[in-house]
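One letter stands for each residue in the lines below.
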Amino acid sequence: MLKPDELTVLFFGKTGVGKSSTLNSLFGLNWATDNAIACTKEPQIAYLDYSHYAGFSYQQVRVVDMPGIGESLTDDETYMPHYEEWIPQTHSLVWVTQADTRAYKRDEIFLTKFLPLFQTSLFLIVALNKIDCLGVDEDEKPFNLERGEPSEAQLNRISEKIEDVYRIFQGALNGKVSFEKEQIIPHTSVYGWGLDNLKTKIFTRG
Amino acid sequence: MLSSLFGKSEQTPVRLVIGLNQVDKIIPDGWDDRLNMPTQKAEKEIERRSKDIIQRLSRYTHISSDNIEYYSALKRYRLLPLLTKIIKNAYAGFKLDNVQPADPFELADPEVKAFADEERQKRAKSKGKEVNAKDRMFDEMRKILSEDELNLVLDKFRQERRIPPKVAILGKAGVGKTTTLNSVFNAQWKTSHTIVGTTKAQMKEFSLSSGGSLAVVDLPGYGRSMAEDREYEKIYQEMIPSCDLVFLVLQANTRDFADDQEMIMKISEWLRDFPTPER
């Protein structure tokens, strides 16, 4: 099912976490994003030509944006056939979630649901978006807009955040695919911080 | 109209109010920091988006706009309409004159705040008496409610019971429950930005300015993980039946309401099982 010279990267996540925005920033795509309405109702596919990249073992990268989950219980059910079709064809699954929340149950629920669809060779990356919105106390500095970087207070909080997300995801994966803390990449799709790191992770798969 | 004011029937208020918090974050750059108000354009958009959410929630869960209000705890925006809904839907009446939300003008530009203070003093003088929380509150409510509605609310205070009203506050983890409590009841509890939020029910007793008290049950946030939710659900089920009102805080600037939808259905069920607060 997996083509040897084609890398399939699937983007998945809760609605509103910034999947399409992350995709656009990463690959220079122009997919519709809107902070009000869920734009991605059907899987969207882009083919990127990477044949000119020396040392990269794939000719082509297929990037798939899946409809977001969590909007309502009924919508989630209607998207299920899409996931069943696409997840078994996936090399790298980029699971986008956001840093400025403590609620990861919906991620956990879907990870559990998808587990039987995962190839054991699947490389899972958790793209921890919205680092710029990471909450700080009143006397601490927020995201540095000028430099496009998280503040020191935010940087200090990131490791704690990764620890928390890791615990929840690792628990749900239950050893089905290998998953290390280094596979959680903090970033902000709006200001670009962390995107290079994410891109490297997706292509090197390790 | 009358029955809608107190939920489905006057005898049994719905005892559930849903607050859509963080509407200030719906539109980027939509907040006028000088006035501490949304810009005109943002205000329309906030209203439109909130109506959308209200419509969607009522489609899934059999609750209506009588039970939902949008606001921003952080900016102290629309705290009065929210408080009005809380009062209308609670089983025991609230002492409205005792509940004074935090002042939004405190967050505005000093010049704007000074102007607001001056205007308030002028109004106070022209009435020949000091403006207290009660008068200010009823002045504001008059703008929102019709005479009939206002009278009904007043009646409700008169019928008020001796026991302090008990409110359970609940919401997804990190949605702004503590900030909401602080703004609506003008208190100062610490908020948590870290991964650890409220993990058990915390009883918070408010001494009200003219005697009496208000009991708030601060419940741990849901939606963090399946294991935690299983634990917390036991706490909710134990605490909710005894409350005069369940106040559910939702985040208006997101779209993922599946967890909330599930919770609304559960709360409605628990409340139905105990149509009057179990004391």
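Since the model is a prediction, treat every value here as computed from it, not as a measurement. (Residues numbered from 1 in each chain as written. Chains lettered and ligands numbered in written order. Predicted model: local features only at pLDDT ≥ 70, side-chain atom pairs only at ≥ 80, totals over all residues. Heavy atoms only, no water.)

Visitor: Before we go on, may I ask you to explain the nonpolar core in this structure?
Guide: What tends to happen in soluble globular proteins is that the nonpolar side chains get buried as a cluster. With 38 residues, the main nonpolar core has Phe12, Tyr83, Trp95, Phe114 and Phe118 of chain A as its most contacted residues. For this core, the secondary structure elements donating two or more residues are β1 (6–13), α2 (73–86), β4 (92–98), α3 (105–114), β5 (123–129) and α4 (152–173) of chain A. Ignoring any residue separated from it by four or fewer positions in sequence, one finds Phe118 of chain A in contact with Ile87, Leu93, Leu111, Leu173, Lys176 and Val177 of chain A. Of all hydrophobic cores here, the second largest spans 35 residues; its members include Leu20, Leu248, Ile264 and Ile267 of chain B. (Core = buried A, V, L, I, M, F, W, Y, C linked by side-chain atoms within 4.5 Å. Buried < 20%, exposed > 50% of the residue type's maximum accessible area, 1.4 Å probe, protein only. Helix = DSSP H or I, 4+ residues; strand = E, 2+ residues; numbered from the N terminus. Contact = heavy atoms within 4.5 Å.)

Visitor: Would you mind showing me how to read the interface of chain A and chain B here?
Guide: How big an interface is tends to be stated in terms of accessible area lost as the parts join. Between chain A and chain B, the residue contacts involve 32 residues of the former and 29 residues of the latter. Summing both sides of the interface, chain A and chain B together bury roughly 2,700 Å²; the carbon and sulfur share of this comes to 46%. The partner of Asp256 of chain B in a salt bridge is Lys14 of chain A, with the nearest N and O atoms 2.9 Å apart. The tally of links from chain A across to chain B stands at 15 residue pairs in polar contact (both at pLDDT 80 or more). At the level of secondary structure, the elements contributing two or more residues to the side of chain A that touches chain B comprise α2, α3 and α4 of chain A. A total of six residues in the side of chain A that touches chain B trace back to one element, the largest contributor, which is α4 of chain A. Classifying every residue of the side of chain A that touches chain B by side-chain character gives nine nonpolar, nine polar and 14 charged. (Buried area = accessible area lost by both parts, 1.4 Å probe. Salt bridge = Lys/Arg side-chain N within 4 Å of Asp/Glu carboxyl O. Polar contact = N/O pair within 3.5 Å; in protein donor to acceptor, adjacent residues only side chain to side chain. Nonpolar A, V, L, I, M, F, W, Y, C, P; charged D, E, K, R; others polar.)

Visitor: Which parts of the structure should I look at to understand the sheet that holds β4 of chain A?
Guide: Residue and element names in this part refer to chain A. Pairing is mixed across the open sheet formed by six strands, whose spatial order is β2-β3-β1-β4-β5-β6. Every interior strand has two partners, whereas the edge strands, β2 (44–49) and β6 (184–186), have only one. Sheet twist, expressed as the mean angle between neighbouring strand axes with direction ignored, is 20 degrees. One ladder, built from five bridges, connects β1 with β4; its direction is parallel. Bridging across to β4, Gly13 finds its partner in Val96. Along the sheet face, α3 touches β1 and β4 and points at about 165 degrees away from the line of β4. Helix-sheet contacts for α4 involve β4, β5 and β6, and the interaxial angle to β5 is about 140 degrees. (Pairing = 2+ DSSP bridges. Axes fitted to C-alpha atoms, helices over the stretch in contact; angles between N-to-C directions.)

Visitor: Any chance you could explain the packing of helix α2 (residues 40–61) of chain B against helix α9 (residues 258–273) of chain B here in plain terms?
Guide: Helix-helix packing is characterised by the crossing angle of the two axes and by the distance between the axes. All names here are of chain B. Packing of α2 against α9 leaves a shortest axis separation of 10 Å and a crossing angle of 50 degrees. Compared by their axis directions, α2 and α9 come out oblique. Two packed elements cross with a definite hand, and for α2 against α9 that hand is right-handed. Residues Leu57, Tyr60 and Thr61 of α2 form the contact with α9, whose own contacting residues are Gln261, Ile264 and Met265. (Parallel < 35°, antiparallel > 145°, perpendicular 65-115°, else oblique. Left-handed = near helix turned anticlockwise from the far one by under 90°.)

Visitor: When you look at α2 of chain B in this model, what are you seeing that I'm missing?
Guide: Given 3.6 residues per turn, any residue in an α-helix points the same way as the ones three and four places further on. An ideal rise of 1.5 Å per residue puts 32 Å on 22 residues; α2 of chain B measures up with 32 Å between its terminal C-alpha atoms. The set of residues buried in α2 of chain B consists of Ala42, Ile46, Arg49, Ser50, Ile53, Ile54, Arg56, Leu57, Tyr60 and Thr61 of chain B. Projected down its long axis, α2 of chain B carries its buried residues within an arc of 165 degrees, all on one side. Among the exposed residues of α2 of chain B, those oriented more than 90 degrees off its buried face are Gln40, Lys41, Lys44, Lys51, Gln55 and Arg59 of chain B. Of the surrounding elements, those touching the buried residues of α2 of chain B are α2 of chain A together with β1 (16–21), β3 (37–38), β4 (68–70), β8 (245–251) and α9 of chain B. The positive-phi residue at the C-terminal boundary of α2 of chain B is His62 of chain B, with phi of around 60 degrees. (Expected span 1.5 Å × (residues − 1). Arc of directions from axis to C-beta.)

Visitor: Would you mind showing me how to read the environment of Lys177 of chain B here?
Guide: Residues and elements named next belong to chain B. For Lys177, the location among the structural elements is in helix α7 (residues 177–184). On the accessibility criterion, Lys177 (6% relative accessible area) is buried. In this structure, Lys177 is in contact with Ile169, Leu170, Gly171, Lys172, Asp218, Leu219, Gly221 and Val249, ignoring residues within four places of it in sequence. A distance of 3.2 Å separates a polar side-chain atom of Lys177 from the backbone oxygen of Gly171.

Visitor: Explain the environment of Ser72 of chain B here, please?
Guide: Residues and elements named next belong to chain B. Looking at where Ser72 falls in the secondary structure, it is placed in the loop between β4 and α3 (79–89). For Ser72 and Ala124, which are 52 residues apart along the polypeptide, the C-alpha to C-alpha distance reads 28 Å. Residues in contact with Ser72, not counting those within four places in the same chain, are Asn21, Gln22, Val23, Asp24, Tyr77 and Leu79.

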